[in-house]
Amino acid sequence: MIYNATENFIFVKPRKMAGTTVEIVLSSYSDSTTILTPLSKSDEYLRYQQTGFKAQNYSYSIHKSLSNQLNSITYRLKNKTRFQLFYNHMNLAEVKVALGNSAFNYAKKIAIYRAPHDYIISYYFHNKSRSEDFRTWYWGNRSILFHIFDYYYLDSKLSIDYIIDFANLDQSIDEIFDHNIINKAKYREFQLLKTKADRRPVLSRNINVFFNGLDDIYDDIEKNLKLPRKGNIQC
């Protein structure tokens with residue numbers, strides 16, 4: 001998660017949406033006040049090498065709004081979430097509580113889109129136990145997987161301004177470049193950036209092959225996991 005008050009944007013990143021490269025790109029716009037939540041050890045090293053910035057300003061602090069921090073503590077106790085002011089993979093509601101209404105509402109919100117079936121496969125190979133087959137895993141974790149909507153919607157309303165399409169990064173960057181959110185020239189420097197390796201076996205990267213014999217799950221995703229591909233600001 002990133003909150004850049006100077007450039008006035010928030011970047012939220014759902015799990016397994018291949019957003020770390022974009023997060024590192026956006027980290028390059030940081031200054032000493034930007035909130036950057038911790039990445040994995042290897043990606044944190046890569047971010048520092050590429051941008052000169054590492055995770056910062058994400059903990060509770062006397063320098064942050066006391067009321068926001070108290071609200072955040074209350075929210076976390078109530079929802080049994082991790083006890084930290086800002087952290088990786090925060091959803092929109094959590095970011096709003098931690099930042100406060102004014103900063104949250106004023107900032108442009110950025111998220112990333114990945115094809116839902118691809119997201120599910122990636123999550124499976126990241127999260128499954130060695131002995132758990134896909135069908136058992138999917139139906140057992142379906143409610144958790146569908147919480148991804150919390151990164152795009154607040155109170156059932158789309159609350160993301162710009163959505164970057166993982167499968168079409170160049171076009172997405174071109175589109176929001178005109179809105180001065182991402183500098184295209186700077187993005188080009190990061191195109192070959194390699195973050196966490198894909199843990200999926202090669203054959204599982206073909207969606208049709210992977211879902212062969214799993215029509216019920218494929219159809220459930222197709223029907224019920226419709227993620228937004230465009231934000232509120234149509235580029």
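Residues numbered from 1 in each chain as written. Predicted model: local features only at pLDDT ≥ 70, side-chain atom pairs only at ≥ 80, totals over all residues. Heavy atoms only, no water.

Caption draft 1: How the structure looks around the packing of aromatic side chains. Taken as a whole, this structure holds 16 aromatic pairs when the rule is applied. Ring plane angle 75 degrees and centroid distance 5.5 Å describe the contact between F211 and Y218, whose orientation is recorded as edge-to-face. Looking at Y218, the relative accessible area reads 25%, which means it is partly exposed. Above the face of the Y48 ring, K54 is positioned so that its terminal group lies 5.8 Å from the ring centre. Cation over ring: R114 sits above F166, and NZ or CZ is 5.1 Å from the ring centre. (Phe/Tyr/Trp six-rings, centres within 6.5 Å; stacked < 30°, edge-to-face > 60°. Buried < 20%, exposed > 50% of the residue type's maximum accessible area, 1.4 Å probe, protein only. Lys NZ or Arg CZ within 6 Å of the ring centre and 35° of its normal.)

Caption draft 2: Here's a closer look at the pattern of salt bridges. One pass over the full model with this rule turns up six salt bridges. The shortest N-O distance in the salt bridge between R114 and D118 comes to 3.0 Å. Relative accessible area serves as the criterion here: at 6%, R114 is assigned to the buried category. Residue D118 is classed as buried on the basis of its relative accessible area of 14%. Between R135 and D216 there is a salt bridge, with its nearest N and O atoms 2.6 Å apart. Residue R135 is located in helix α7 (residues 134–145), and its partner D216 is located in helix α11 (residues 215–224); the two are separated by 81 residues in the primary sequence. You can call R135 partly exposed: its relative accessible area is 31%. Overall, the relative accessible area of 37% leaves D216 in the partly exposed class. (Salt bridge = Lys/Arg side-chain N within 4 Å of Asp/Glu carboxyl O. Helix = DSSP H or I, 4+ residues; strand = E, 2+ residues; numbered from the N terminus.)

Caption draft 3: Fine view of the pairing of strand β4 (residues 108–113). Burial analysis of β4 places five of its six residues in the buried class, which makes it a mostly covered element. As paired strands, strand β2 (residues 9–11) and β4 are joined by three bridges and run parallel to one another. Of the residues in β4, the one forming a bridge with I10 is K109. (Pairing = 2+ DSSP bridges.)

Caption draft 4: Structural context of the packing of helix α6 (residues 116–127) against α7. At a minimum axis separation of 11 Å, α6 and α7 run at an interaxial angle of 105 degrees. Taken together, the axis directions place α6 and α7 in an arrangement best described as roughly perpendicular. For the pair α6 and α7, the contacting residues are Y119, I120, Y123, Y124 and N127 in the first and F134, W137, Y138, I144 and L145 in the second. The class makeup of the residues in the contact of α6 with α7 is nine nonpolar, one polar and no charged. (Axes fitted to C-alpha atoms, helices over the stretch in contact; angles between N-to-C directions. Parallel < 35°, antiparallel > 145°, perpendicular 65-115°, else oblique. Contact = heavy atoms within 4.5 Å. Nonpolar A, V, L, I, M, F, W, Y, C, P; charged D, E, K, R; others polar.)

Caption draft 5: Expanded view of the environment of Q56. For Q56, the location among the structural elements is in the loop between α2 (41–51) and α3 (66–79). Under the relative-accessibility criterion, Q56 is labelled buried at 18%. Between the C-alpha atom of Q56 and that of L36, which follows or precedes it by 20 residues, the distance is 5.2 Å. Not counting residues within four places of it along the chain, the set of residues in contact with Q56 comprises D31, S32, T33, T34, I35 and L36.

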